Amino acid sequence: MDNFTFYSPTYFTFGKDTEQEVGQLIKRFGGTKVLIHYGGGSVVRSGLLDRVKNTLTAEGIPFVELGGVQPNPKSGLVYTGIELCRKEQVDFILAVGGGSTIDSSKAIAAGTLYDGDFWDLYEKRMVPAALPIGTILTIAAAGSEGSPNSVITKEETLIKRGTKGDLLRPKFSILNPALTQTLPAYQTASGVTDIIAHLYERYLTNTTEVEVTDRLIEGLIASVVHEAPRVLENPDLYDARANIMWAGMLAHNNVCGVGRTQDWNSHAMEHELSAEYDCAHGAGLAVVMPAMFTYVMHHDITRFAQIAVRVWGCQMDYYHPENTAKAGIEALRNFLISIGMPKNFKELGADEKDIEKLAHRSCYGHTGNGALHGFVELNQQDLENIYKMML
Ligand code: NZQ
Ligand code: ZN
């Protein structure tokens, strides 16, 4: 195991009706003027936004609001939010929604205190200062409610980039699983896929002797695989929703990733797909992961065989462990298809003719040096090969 530091200061309040605590929590973390930031309307339709506004009013906390965050959030609304926060002297941002709303809130939080174009913070992956943020989560997926990350797409170039900094970790996150009961099945399944991807990205490590984090990851994937069909069958199943919601947080606040190298090449390849075609991030990952894993599995057959046996219940073939590794990847693919995720470029709405462009942008847009550095180093040709496996 490698040396590590772990700092995850978010205060979580989890369970039914917990959104009622939002006013007290904002006060506790020093907010006196709030920007309520939200998405395309689900929180308006569900009545959540009105409940939040009523609570803030009852607590005597002034607020302004900005809705309209799109999935795969765009830079344009971030500029609007920064201007609004400066003009209104906002000192606390409340994100009400999913990962896109939370990431847009994080960008506004950092951009408001930055003397320059907020996009610099994504180009240089740094966060020198940020307003405090709180979240009320409505979808279990991205894990942004407990993560130090934010991912934004620059509209003009379709470059989707992430930045990272402990200042972006929410001061508090309110997780009420009942709020996810209104999700369409496709969004529930995309969220589940993203959670599984965050766990695989950490599982694919070059560090040895990491039994604790291996077992945490395996346990979380197995739990989500157990619960997902149950909520798809019965969307109101509170306890199954609750397990998925907490798994989503644990999958990405890095408790499972400490002390080990991590991969993230699947995410780098997926971000090109959701930037170009505006597909759901999880749906893109469903197409990327089986292809990526098949391409890189020979780098460490034992690791892929281990997860095949421990999570997917495959029989270990001691003479030909690559057969076990392959069976595990196949089980993952079949599970993702069974929950309604796309299995290839066509079903995702992606186009074969863009492969060279996607591979180039993925290779040069992220690290700038022509390769992705993760579990296995991949150059542009590798990425083109992997994208072709998704056709
Ligand atoms: O916009 P509204 O109307 O709210 O609708 C949303 C949106 O259409 C809808 N939705 C959310 N909660 C709902 C609901 N509909 C009905 N009932 C509810 N309770 O679901 C759709 C998707 O929402 P979104 O916020 O986009 O989902 P998600 O949480 O998957 O976020 C995706 C974004 O997060 C980024 C992704 O790249 C993508 O841009 N990621 C962020 C990470 C982070 N900050 O740590 C890590 C991830 O790997 C990921 O890259
Ligand atoms: Zn993700």
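The structure this text deals with has already been given above.
Let me sum up the structure you'll find in this document.

Attention now moves to helix α7 (residues 185-203). For α7, spanning 19 residues, the distance from its first C-alpha to its last is 27 Å, which sits close to the expected 27 Å at 1.5 Å a residue. Across the 19 residues of α7, 16 count as buried, placing the element largely inside the fold.

Looking only at helix α3 (residues 48-58), the buried set comprises Leu-48, Leu-49, Val-52, Lys-53, Thr-55 and Leu-56. For α3, the angular spread of buried residues about the axis comes to 160°, placing them on one side. Residues of α3 that are exposed and point more than 90 degrees away from the buried face comprise Asn-54, Thr-57 and Ala-58. Buried residues along α3 sit in contact with α1 (22-28), β2 (34-38), α2 (42-45), β3 (63-66), β4 (92-97) and β5 (133-137). Within two residues after α3, Gly-60 carries a phi angle of roughly 70°, on the positive side.

This part takes up the environment of Asp-166. Considering the arrangement of structural elements, one finds Asp-166 in the loop between β7 (159-164) and β8 (172-175). The exposure class of Asp-166 is partly exposed, given its relative accessible area of 42%. Considering only alpha carbons, one finds Asp-166 and Asn-149, 17 residues apart in sequence, at a separation of 8.4 Å. Asp-166 has contacts with Tyr-7 and Pro-148, leaving out every residue within four places of it along the chain.

Here we come to the coordination of the zinc ion (ligand 2). Summarising the metal site, the zinc ion (ligand 2) is bound by the protein donors Asp-194 (OD), His-198 (NE2), His-267 (NE2) and His-281 (NE2), whose distances to it range over 2.0 to 2.2 Å. Of note, the donors binding the zinc ion (ligand 2) are all from one chain and are spaced D-x3-H-x68-H-x13-H. Remark: His-267 occurs in helix α10 (residues 265-277) and Asp-194 occurs in helix α7; sequence separation between them is 73 residues. Each member of the pair, Asp-194 together with His-267, is buried.

Reading the values: rules and limits
- Residues numbered from 1 in each chain as written.
- Chains lettered and ligands numbered in written order.
- Predicted model: local features only at pLDDT ≥ 70, side-chain atom pairs only at ≥ 80, totals over all residues.
- Heavy atoms only, no water.
- Helix = DSSP H or I, 4+ residues; strand = E, 2+ residues; numbered from the N terminus.
- Expected span 1.5 Å × (residues − 1).
- Buried < 20%, exposed > 50% of the residue type's maximum accessible area, 1.4 Å probe, protein only.
- Arc of directions from axis to C-beta.
- Contact = heavy atoms within 4.5 Å.
- Donors = N, O, S within 2.8 Å, 3.2 Å for Na, K, Ca; no water.

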